[in-house]
Amino acid sequence: MQKVINAHCHIYPEKIASKAVHGIRDFYDLDMSLNGTVEGLIKDGEKIGVVHYLIHSVATTPKQVKSINEFIAESVNQNPDLFTGFGTLHPDSESIQEDLDYLIELGLKGVKLHPDFQQFAMNDERAYRIGEAVNEVDIPMLIHCGDFRYNYSNPEQIKPFLDKFPDMTIIGAHFAGWSVWEDATQKLAGTPNLYVDLSSSLYELSPQKAVELIHAYGADKVLWGSDYPMWESVSEMEYFNKLDLTEKERSLILYENAAKLLNLK
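Residues numbered from 1 in each chain as written. Predicted model: local features only at pLDDT ≥ 70, side-chain atom pairs only at ≥ 80, totals over all residues. Heavy atoms only, no water.

Caption draft 1: The packing of aromatic side chains, seen in detail. Per the stated rule, a full pass over the model turns up nine aromatic pairs. Judged by centre distance (6.5 Å) and plane angle (75°), the ring pair of Trp178 and Trp181 falls under edge-to-face. For Trp178, a relative accessible area of 9% puts it in the buried group. Using a relative accessible area of 8% as the deciding quantity, one classes Trp181 as buried. The rings of Tyr128, Phe161 and Phe165 are connected pair by pair, giving a single aromatic cluster. The ring of Tyr128 is capped by Lys164, whose NZ or CZ atom sits 5.0 Å from the centre of that ring. (Phe/Tyr/Trp six-rings, centres within 6.5 Å; stacked < 30°, edge-to-face > 60°. Buried < 20%, exposed > 50% of the residue type's maximum accessible area, 1.4 Å probe, protein only. Lys NZ or Arg CZ within 6 Å of the ring centre and 35° of its normal.)

Next up, the structure:
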């Protein structure tokens, strides 16, 4: 069985997981069958042979940053061979540098931002303030990208951020443009510091279009992810297996690219 790294997973403490999942479901108007817990993530991934997970969560207020990062770090510490954790920052925090220092002290390996949940544009000064801090410590940033309903993380907001921080490794979630996939590809493909993941995308794109987007970005810049708990790994892998890719391209996307980016032994 092909080794798989799931490079896009949201997790929540058990006591709030149900509320968090319902919030995501309502935000995107999608049916969801998974529960958002650590145990649920591992059980889901075992069905397709996932050997490692990139986990994260998002602070929707500054006061949530510390507790969320501590939860992600604790989850990593309890599953050190399975999990790599990215922390959260909030653009309205008065202590972004301190939040980032603590995130790194906790052992987290990158930063996840969700401009649409956090309600800030990636091309405004609040985003650049975070970018300048993260750029100094040389860790990757995973950004939710795209939503036709808002103007926070669409290609016209993402491109200036990419250009401002050309040395920062950035992962553009959802082919760098959920719901605006083709526009994102036209404007962002070929940006040297940009990786993309294909989470929450294959359900909507035809296999032919998905392959076209993969080739536009380059198979060596694409990561597989399920966007847990939004989608089940089994169904996401079924979508992926319909793509007309070479075995080398499959191996890059399912495992090798993420292993390299996350510095897995």
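Caption draft 2: Geometry of the pairing of strand β8 (residues 194-197). Taking every second residue as pointing to the same face, both faces of β8 are buried, with Leu194 and Val196 on one and Tyr195 and Asp197 on the other. What joins strand β7 (residues 170-172) to β8 is helix α8 (residues 181-188), and the crossover it makes is right-handed. In terms of strand pairing, β8 meets strand β9 (residues 222-223) through two bridges, oriented parallel. By the bridge assignment for β9, Asp197 is matched with Leu223. (Helix = DSSP H or I, 4+ residues; strand = E, 2+ residues; numbered from the N terminus. Right-handed = clockwise from strand over helix to strand, strands pointing away. Pairing = 2+ DSSP bridges.)

Caption draft 3: Local environment of the pairing of strand β2 (residues 50-56). Where burial is concerned, most of β2 is hidden: six out of the seven residues are buried. Inspection of the sheet shows β2 paired to strand β3 (residues 83-85) by three bridges, in the parallel sense. Counterpart to Leu54 in the pairing with β3 is Thr84. In this fold, the crossover linking β2 to β3 by way of helix α3 (residues 65-78) has right-handed handedness.

Caption draft 4: Seen up close, the sheet that holds strand β5 (residues 111-113). Within the open sheet, the six strands sit side by side as β4-β5-β6-β7-β8-β9. Their pairing is parallel. Looking at which strands have only one partner, the edges of the open sheet turn out to be β4 (87-88) and β9.

Caption draft 5: A look at the packing of helix α10 (residues 233-241) against helix α11 (residues 247-261). Running from amino to carboxyl end, α10 crosses α11 at an angle of 155°, the nearest separation of the two axes being 12 Å. One way to sum up the angle between α10 and α11 is to call them roughly antiparallel. Considering the relative orientation of α10 and α11, their crossing is right-handed. From α10, Met237, Phe240 and Asn241 reach across to α11, where they touch Arg250, Ile253 and Leu254. (Axes fitted to C-alpha atoms, helices over the stretch in contact; angles between N-to-C directions. Parallel < 35°, antiparallel > 145°, perpendicular 65-115°, else oblique. Left-handed = near helix turned anticlockwise from the far one by under 90°. Contact = heavy atoms within 4.5 Å.)

Caption draft 6: How the structure looks around the sheet that holds strand β1 (residues 4-10). Taken together, the three strands give an open sheet; going across it, the order is β1-β2-β3, and neighbouring strands pair in parallel fashion. The open sheet terminates on both sides in strands that have one partner only, identified here as β1 and β3. Sheet twist, expressed as the average angle between the axes of neighbouring strands with direction ignored, equals 25°. Note that β1 and β2 share five bridges and pair parallel. Along β2, the bridge assignment pairs Ile5 with His52. α11 rests against β1 and β2 of the sheet, and its axis sits at about 70° to β1.

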